[in-house]
Amino acid sequence: MAADKQRKHPLASSFKFGFEGIAAAAAKERNVQIHLAISVIVILSGFIFSINKYEWIAIILSIGGMVSMEMINTAIERTVDMYTKEYHPLAKQAKDIAAGAVLVFAIASVMIGIIIFLPRIFAWFS
Ligand SMILES: Nc1ncnc2c1ncn2[C@@H]1O[C@H](COP(=O)(O)OP(=O)(O)OP(=O)(O)O)[C@@H](O)[C@H]1O
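What counts and how
- Just so you know, the residues in each chain are numbered from 1, in the order the chain's sequence is written.
- The model is predicted, so local features are restricted to residues of pLDDT at least 70 and side-chain atom pairs to those at 80 or more, both for listing and for counting; the totals for chains, interfaces and linings are taken over all residues.
- As a rule here, side-chain values come from all non-hydrogen atoms in the structure, and water together with hydrogens is ignored.
- Pairing of aromatic rings covers Phe, Tyr and the six-membered ring of Trp, with a centre-to-centre limit of 6.5 Å; geometry is then stacked below 30 degrees between planes, edge-to-face above 60, and tilted otherwise.
- Helix and strand labels come from DSSP, where a helix needs a run of H or I of at least four residues and a strand needs a run of E of at least two; each type is numbered from the N terminus.
- Whether a residue is buried, partly exposed or exposed follows from its accessible area with a 1.4 Å probe, protein chains only, as a fraction of its type maximum: under 20%, in between, or over 50%, in that order.
- UniProt positions are given in the numbering used here, feature names are shortened, and annotations may be inferred rather than shown by experiment.
- In this description, contact between two residues means that some pair of their heavy atoms is separated by no more than 4.5 Å.
- Between N or O atoms, a polar contact is any pair within 3.5 Å; within protein, one atom must be a potential hydrogen donor and the other a potential acceptor, and residues adjacent in sequence are included only when both atoms are from side chains.

### Notes on the packing of aromatic side chains
Phase 1 of the analysis: For the structure shown, the criterion picks out three aromatic pairs.
Phase 2 of the analysis: With centroids separated by 6.0 Å and ring planes inclined at 55°, the aromatic side chains of Phe-49 and Phe-117 adopt a geometry described as tilted. With Phe-49 in the loop between helix 3 (30-48) and helix 4 (53-83) and Phe-117 in helix 5 (residues 89-125), this residue pair connects regions lying 68 residues apart in the sequence.
Phase 3 of the analysis: Given the relative accessible area of 18%, Phe-49 is considered buried.
Phase 4 of the analysis: Judged by its relative accessible area of 10%, Phe-117 is buried.
Phase 5 of the analysis: With 5.2 Å between their ring centres and 75° between their planes, Phe-49 and Trp-124 make a pair best called edge-to-face. Taken together, the residues span a long stretch of sequence, with Phe-49 in the loop between helix 3 and helix 4 and Trp-124 in helix 5 at a distance of 75 residues.
Phase 6 of the analysis: The exposure class of Trp-124 is exposed, given its relative accessible area of 54%.
Phase 7 of the analysis: Taken together, the ring pairs connect Phe-49, Phe-117 and Trp-124 into an aromatic cluster.

Below is the structure:
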């Protein structure tokens, strides 16, 4: 019971841990950095092409989901590496399935980007 109480952190600490996680991923994970750079380009494109509020909602969900997915993938990689450095088929499955989840979301995000931006890019050049 006392140990249970000790483990509970105030809400502010949970936010702090979350921000520390974001900072660590942004500082150390190349894939997260790539997604953040792409996000900046997509947001700038949103302003340049004056996308509407529903398109912004789709873009915000895509960016938030993509970066979150990459961070969860990183967390799974770290957990597996902490558990074993030896080859293990389950370690491979865990990492590959997590990477697959990122890929599924990335494909969906690219499709959303194409639906929103491709007609505008064509209109720009025609
Ligand atoms: N302990 C392990 N046992 C079996 N296969 C592993 C193990 N660690 C990594 N792998 C496999 O080796 C490949 C490379 O994994 P690695 O951990 O280097 O990450 P990655 O997929 O290159 O991602 P990132 O570039 O984000 O680090 C993947 O197919 C992964 O499943």
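### Examining the UniProt feature "binding site: ATP" (unreviewed entry) in the protein
Phase 1 of the analysis: Cross-referencing UniProt, the feature "binding site: ATP" (unreviewed entry) maps to Glu-29, Glu-77, Glu-86, Tyr-87, His-88, Lys-95 and Asp-96 in the present numbering. The greatest C-alpha distance among the annotated residues, which extend across 68 residues, is 23.6 Å, indicating that they are dispersed rather than converging on a single site.
Phase 2 of the analysis: Along the chain, the position of Glu-29 falls in the loop between helix 2 (11-28) and helix 3.
Phase 3 of the analysis: The contact partners of Glu-29, leaving out residues within four places of it in the chain, are Ala-24, Thr-74 and Arg-78.
Phase 4 of the analysis: Following the sequence through the fold, Asp-96 ends up in helix 5.
Phase 5 of the analysis: Overall, the relative accessible area of 40% leaves Asp-96 in the partly exposed class.
Phase 6 of the analysis: A polar atom in the side chain of Asp-96 sits 2.7 Å from the side chain of Lys-92.

### Side note on the side chain of Ser-109
Phase 1 of the analysis: Here Ser-109 is to be found in helix 5.
Phase 2 of the analysis: Discounting chain neighbours no more than four positions away, the residues touching Ser-109 are Ser-62 and Met-66.

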